[in-house]
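Results of the structural survey
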Amino acid sequence: MNVRVGSSVSGKSRRSGELLAQKLYAEGIRDQRVLQAIAQSPRHIFVPEILAHKAYDNTALPIGQGQTISQPYIVAKMSELLLADGVPDSILEIGTGSGYQTSILTQLVAKVFSVERIKALQWQAKRRLQSIDLNNVSMKHGDGWQGWSSKSPFQAIIVTAAPTEVPKALLEQLADGGRLVIPVGVDTQILKVITRHGDEYKEQQVEMVKFVPLVPGALI
Ligand code: SAH
């Protein structure tokens, strides 16, 4: 496994990260690569300073602009699902948000492509990742419903906001044999894993989840 988090991560946050990883193990996360990435990631730098004392709780937290940093359990669960068939070369992430999920992914695969519709969040996430030496990520200010066609196909795609239906562009940009991990629905959302086999797509339903909506169109 690649360990790239820089020396800026303090001993205190390292211990908090390890405790969080233990909690996630107790909740059923078993992939050691994912647990190790959680253990060594400084989640406190991805939340507003005033909430830093809650950064290692297993909860979602507000990050401004009406958005949330995902609950660590769901970050770990989705990462585990992405790696279930082997480690993809690269991952497309839709919904950069705080950059925390991105920081976990950059430790698991060689290259991450991440799309965010709110420019201010994208810039903040970029600065945070650079501050801990996680540089194997390319970011785009764009509409995740459209994916990132010039970089496609992707062996793995993760969506961290919920569309009303699976975006067609993401199905098209998935490589043959690739997997898409995505929450779908409005009030009731289901986390799905969709795998591509040629022109056929197989769907597995994982569990009920709660994400902010994948907003169509207009960038801000
Ligand atoms: N994985 C993130 C979760 C952020 S919440 C984290 O751990 O912090 C979901 C994010 O999806 C928000 O930042 C929101 O702005 C973004 N989003 C919503 N609709 C989008 C769209 N159409 N395209 C790209 N990003 C979108």
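The rules behind the values
- As a convention, each chain's residues are numbered from 1 in the sequence order in which they are written.
- Only residues with pLDDT of at least 70 are given local features in this predicted model, and only at 80 or more are side-chain atom pairs given and counted; all residues enter the totals for whole chains, interfaces and linings.
- To get the side-chain values, take all heavy atoms of the structure and skip hydrogens and water.
- UniProt positions are given in the numbering used here, feature names are shortened, and annotations may be inferred rather than shown by experiment.
- A run of H or I in DSSP becomes a helix once it reaches four residues, and a run of E becomes a strand once it reaches two; helices and strands are each numbered from the N terminus.
- With a 1.4 Å probe rolled over the protein chains alone, any residue whose accessible area is under 20% of its type maximum counts as buried; one over 50% counts as exposed, and the rest are partly exposed.
- Pairing of aromatic rings covers Phe, Tyr and Trp, the last counted by its six-membered ring, and requires centre-to-centre distances within 6.5 Å; plane angles under 30 degrees mean stacked, over 60 mean edge-to-face, and any other angle means tilted.
- Two conditions define a charge located above a ring, namely a distance within 6 Å from the ring centre to NZ of Lys or CZ of Arg, and an angle within 35 degrees of the ring normal.
- For this description, a residue counts as near a given molecule or strand if any of its non-hydrogen atoms is within 4 Å of it.
- Pairs of N or O atoms within 3.5 Å make up the polar contacts considered here, provided that, within protein, one atom can donate a hydrogen while the other can accept it, and that residues adjacent in sequence are counted only when both atoms are side-chain atoms.
- Accessible areas in this description were obtained via Shrake-Rupley with a 1.4 Å probe; residue shielding takes into account the shown protein chains only.
- Three categories are distinguished: nonpolar for Ala, Val, Leu, Ile, Met, Phe, Trp, Tyr, Cys and Pro, charged for Asp, Glu, Lys and Arg, and polar for the others, with Gly belonging to the last.

With an unreviewed UniProt entry as reference, the chain is termed Protein-L-isoaspartate O-methyltransferase, source organism Colwellia hornerae. The record held by UniProt for the chain lists under Sequence similarities (unreviewed entry) the comment "Belongs to the methyltransferase superfamily. L-isoaspartyl/D-aspartyl protein methyltransferase family." Under the Catalytic activity (unreviewed entry) heading, UniProt states for the chain: "[protein]-L-isoaspartate + S-adenosyl-L-methionine = [protein]-L-isoaspartate alpha-methyl ester + S-adenosyl-L-homocysteine".

The residues that UniProt annotates with the feature "active site" (unreviewed entry) are Ser70. Relative to the elements of secondary structure, Ser70 occurs in the loop between strand E2 (67-69) and helix H3 (72-83). The exposure class assigned to Ser70 is buried, which follows from its relative accessible area of 16%.

We now examine the packing of aromatic side chains. The final tally for this structure, using the stated rule, is 3 aromatic pairs. Ring geometry for Phe113 and Trp148: centres 5.5 Å apart, planes at 80°, overall edge-to-face. Here Phe113, found in strand E4 (residues 111-116), pairs with Trp148, found in the loop between strand E5 (137-141) and strand E6 (154-159); they are 35 residues apart in sequence, far enough to count as distant. Here Phe113 and Trp148 have matching classes, each one buried. Ring pairs connect the aromatic residues Phe113, Trp148 and Phe154, which therefore count as one cluster. Above the ring of Tyr25, the side-chain terminus of Arg30 is found at 3.8 Å from the ring centroid. A cation over an aromatic ring shows up here: Lys126 above the ring of Trp123, its NZ or CZ 5.1 Å from the ring centre.

Lining the immediate surroundings of the ligand are 24 residues, of which Ser98, Glu116, Asp143, Gly144 and Val215 lie closest. In the environment of the ligand, a nitrogen atom lies 2.9 Å from a nitrogen or oxygen atom belonging to the side chain of Asp143. Between Thr160 and the ligand, the recorded distance is 3.1 Å, taken from a side-chain N or O atom to a nitrogen atom. Calculation on the ligand without its partners gives an accessible area of 580 Å², and the protein chains cover 100% of this total. Broken down by secondary-structure element, the contributors of at least two residues to the shell around the ligand are E2 and E4. Residue contributions to the shell around the ligand peak at 3 residues, all from E2. Among the residues making up the shell around the ligand, the classes are represented as 10 nonpolar, 11 polar and 3 charged.

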